[in-house]
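# Examining the three-dimensional arrangement
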Amino acid sequence: MWAGIDDRETRRALRAAFDAGINAFDTAEMYGRGHSERMLAAATADIRPQVVYMTKVFPNHLQYDQVIAACHRSLKNLQTDYIDLYQIHWPAGSWGSRPVPIEETFRR
């Protein structure tokens, strides 16, 4: 999705950010179709307990079962068994997505 960026440079930049004191990283399932999450994992897997992973579900995945599936994909991409903060990237109906009532998104 981002032309001309070397994955090694991305991983080095993420690690340099951590070394400079940044410990919270925000990404999303849609960034590079999970590539951003995979790069974050590659750069920080060995220090996972020391970093905060924040990622987001896109508005076209806001039906309950879609949220669960998207979360599992993000967990796999991030190579972790937990996400510190899981967010809705844009409200339902954004970017041409189908409006989904929030009660559907958060049902049990």
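Just above sits the structure.
In what follows, the accompanying structure is described. Residue positions are counted from 1 within each chain, in the order its sequence is given. Residue-level local features of this predicted model are given only where pLDDT is at least 70; pairs of side-chain atoms are given and counted only at 80 or more, and the full residue set underlies all totals for whole chains, interfaces and linings. Only hydrogens and water are removed before side-chain values are computed, so all heavy atoms of the structure are retained for them.

### Things to note about the environment of Ala-69
Within the fold, Ala-69 resides in helix 3 (residues 64-78). Three exposure classes are used, based on accessible area relative to the maximum for each residue type with a 1.4 Å probe and protein chains only: buried under 20%, partly exposed in between, and exposed over 50%. Residue Ala-69 is classed as partly exposed on the basis of its relative accessible area, which comes to 31%. Remark: the alpha-carbon pair of Ala-69 and Gly-32, spanning 37 residues in sequence, is separated by 18 Å. Put simply, DSSP marks the helices as runs of H or I at least four residues long and the strands as runs of E at least two long, and each gets a number from the N terminus on.

### Quick notes on the packing of aromatic side chains
A pair of Phe, Tyr and Trp rings is counted when the ring centres sit within 6.5 Å of each other, with Trp represented by its six-membered ring. The angle between the planes then sorts it: under 30 degrees is stacked, over 60 is edge-to-face, the rest tilted. Applying the stated rule across the entire model yields one aromatic pair. Ring geometry for Trp-90 versus Trp-95: centroids 5.7 Å apart, planes at 70°, classification edge-to-face. Since its relative accessible area comes to 37%, Trp-90 is described here as partly exposed. Judged by relative accessible area, Trp-95 falls into the exposed class, the value being 64%. The ring of Tyr-53 carries Arg-48 above its face, with NZ or CZ at 3.9 Å from the centroid. Placement of a positive charge over a ring is assigned whenever Lys NZ or Arg CZ falls within 6 Å of the ring centre and within 35 degrees of the normal to the ring plane. In this arrangement the basic side chain of Arg-48 is found over the ring face of Tyr-82, its NZ or CZ atom lying 4.0 Å from the centre.

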